[in-house]
Amino acid sequence: MIRVNVICVGKLKEKYLKDAIAEYTKRLGAYCKFTVIEVDEEKTNDDPNDAGISAILDAEGKRILSKTDRSDLVIAMCIEGKHLSSPKLAKYISDAAVGGTSTIDLIIGGSWGLSEEVKSRAKLRLSMSEMTFPHQLARVMLCEQLYRAFSINAGSKYHK
C-alpha cells in the first residue's frame, strides 16, 4: 500500500478544520497509509523585509525537507504550479504507484510559501487554483482531492 504524507507548516487551530482532516484521514486509510506531518512555523514580526522572508522560507524549508526521504516522490503545492483536473491527479498518483513509488510527499508551505530548495526537490509543482487560499484551508482541500483521486482510481462513485 502506498504511503501518502501531507507535510505542512503550522498547526491547525480551528476545530472544524481539524475535524475535516480527521474525516479525510479516516477515508484515505482504505486506500493508502495517510499521514499529516506538521512542522513548526517560523516565528517572525508582522511585517518582515525581504531578507526576513527569505530566512523564514529557508528555516521552514529545512524542517520540511527533514521529513522527506531521498526516494520519496515530492509534490510542492505552490500557486505557480501546474493545474491538474481531479482525474489527471488520480492518473498521476496511479502512474507513480505503478512505477514503483512507495511514498508521495505533498508539501504545503506557510503563509510566505515554499523555499526554492523545497520547490527544486519537487518532481511536480502543483497548484489548486490561481486564487490564494489560507494554507490551513488548502490542507483540507488537498486532503479532499487526494481522497477523490484514490476514489477515482478505485472506480468509486464519489467522483461524479
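Since the structure is predicted, the reported quantities are computational estimates derived from the model, not experimental observations.

1. Considerations on the environment of Lys-119
Part 1 of the reasoning: Residue placement: Lys-119 occurs in helix H4 (residues 116-121).
Part 2 of the reasoning: The class of Lys-119 is buried, set by a relative accessible area of 11%.
Part 3 of the reasoning: In contact with Lys-119, not counting residues within four places along its chain, are Ala-76, Cys-78, Glu-80, Leu-114 and Arg-125.

2. What to know about the sheet that holds strand S5 (residues 124-127)
Part 1 of the reasoning: The strand order S2-S1-S4-S3-S5 describes an open sheet built from 5 strands, whose pairing is parallel. This sheet does not close on itself; its edge strands, each paired only once, are strand S2 (33-39) and S5. Between one strand and the next, the sheet's axes are offset by a mean angle of 30°, whatever the strand orientation.
Part 2 of the reasoning: Pairing analysis gives 5 bridges linking strand S3 (residues 73-83) to S5, with the strands arranged parallel.

3. With respect to the nonpolar core
Part 1 of the reasoning: One finds Val-4, Phe-34, Ile-104, Leu-106 and Leu-146 to be the most contacted residues of the largest nonpolar core, which totals 30 residues.
Part 2 of the reasoning: Broken down by secondary-structure element, the contributors of at least two residues to this core are strand S1 (3-9), helix H1 (15-28), S3, helix H3 (86-98), strand S4 (103-108), S5 and helix H5 (135-154).
Part 3 of the reasoning: Sorting elements by how many residues they give to this core places H5 first, with 7 residues.
Part 4 of the reasoning: Those residues within four positions of Phe-34 in sequence are excluded, and the remaining contacts are Val-4, Val-6, Thr-25, Leu-28, Cys-143 and Leu-146.
Part 5 of the reasoning: Residues Ile-7, Ile-37, Cys-78 and Ile-107 belong to the second largest nonpolar core, which totals 13 residues.

4. Brief notes about the packing of aromatic side chains
Part 1 of the reasoning: One pass over the structure, following the stated rule, counts 4 aromatic pairs.
Part 2 of the reasoning: Pairing Tyr-24 with Tyr-147 gives two aromatic rings, centres 6.2 Å apart and planes at 50°, and the pair type is tilted. Of this pair, Tyr-24 sits in helix H1 while Tyr-147 sits in helix H5; the two residues are 123 residues apart in sequence, bridging distant segments of the chain. No difference in accessibility class separates Tyr-24 from Tyr-147, as the two residues are buried.
Part 3 of the reasoning: With a centroid separation of 6.1 Å and an interplanar angle of 15°, the aromatic rings of Tyr-31 and Phe-150 are classed as stacked. Of the two residues, Tyr-31 is situated in the loop between H1 and S2 and Phe-150 in helix H5; the sequence distance between them amounts to 119 residues.
Part 4 of the reasoning: With relative accessibility at 23%, the residue Tyr-31 sits in the partly exposed group.
Part 5 of the reasoning: Put simply, the rings of Tyr-24, Tyr-31, Tyr-147, Phe-150 and Tyr-158 pair up and form one aromatic cluster.

5. A few points about the environment of Asp-72
Part 1 of the reasoning: Locating Asp-72 in the fold gives a position in the loop between helix H2 (50-65) and S3.
Part 2 of the reasoning: Residue classification places Asp-72 among the buried positions, given a relative accessible area of 8%.
Part 3 of the reasoning: Sequence separation of Asp-72 and Ile-93 is 21 residues, and the distance between their C-alpha atoms is 13 Å.
Part 4 of the reasoning: Excluding residues that lie within four positions of it along the chain, Asp-72 makes contacts with Thr-103, Asp-105 and Arg-121.

6. Some points on the environment of Ile-7
Part 1 of the reasoning: Positionally, Ile-7 belongs in strand S1.
Part 2 of the reasoning: By relative accessible area, which is 0% here, Ile-7 ends up buried.
Part 3 of the reasoning: With 104 residues separating them along the chain, Ile-7 and Ser-111 place their C-alpha atoms 14 Å apart.
Part 4 of the reasoning: Apart from residues lying up to four places away in sequence, Ile-7 is in contact with Ile-37, Val-39, Ile-64, Lys-67, Thr-68, Asp-105, Leu-106, Ile-107 and Ile-108.

7. Overview of the side chain of Gln-136
Part 1 of the reasoning: Take Gln-136: it is sitting in helix H5.
Part 2 of the reasoning: Separated by 3.0 Å, the side chain of Gln-136 and the backbone oxygen of Lys-11 make a polar contact.
Part 3 of the reasoning: Those residues in contact with Gln-136, other than ones at most four positions away along the chain, are Lys-11, Leu-12, Lys-13, Glu-14 and Leu-17.

The rules behind the values
Residues numbered from 1 in each chain as written. Predicted model: local features only at pLDDT ≥ 70, side-chain atom pairs only at ≥ 80, totals over all residues. Heavy atoms only, no water. Helix = DSSP H or I, 4+ residues; strand = E, 2+ residues; numbered from the N terminus. Buried < 20%, exposed > 50% of the residue type's maximum accessible area, 1.4 Å probe, protein only. Contact = heavy atoms within 4.5 Å. Pairing = 2+ DSSP bridges. Axes fitted to C-alpha atoms, helices over the stretch in contact; angles between N-to-C directions. Core = buried A, V, L, I, M, F, W, Y, C linked by side-chain atoms within 4.5 Å. Phe/Tyr/Trp six-rings, centres within 6.5 Å; stacked < 30°, edge-to-face > 60°. Polar contact = N/O pair within 3.5 Å; in protein donor to acceptor, adjacent residues only side chain to side chain.

The values reported here are purely geometric and, on their own, carry no functional implication.
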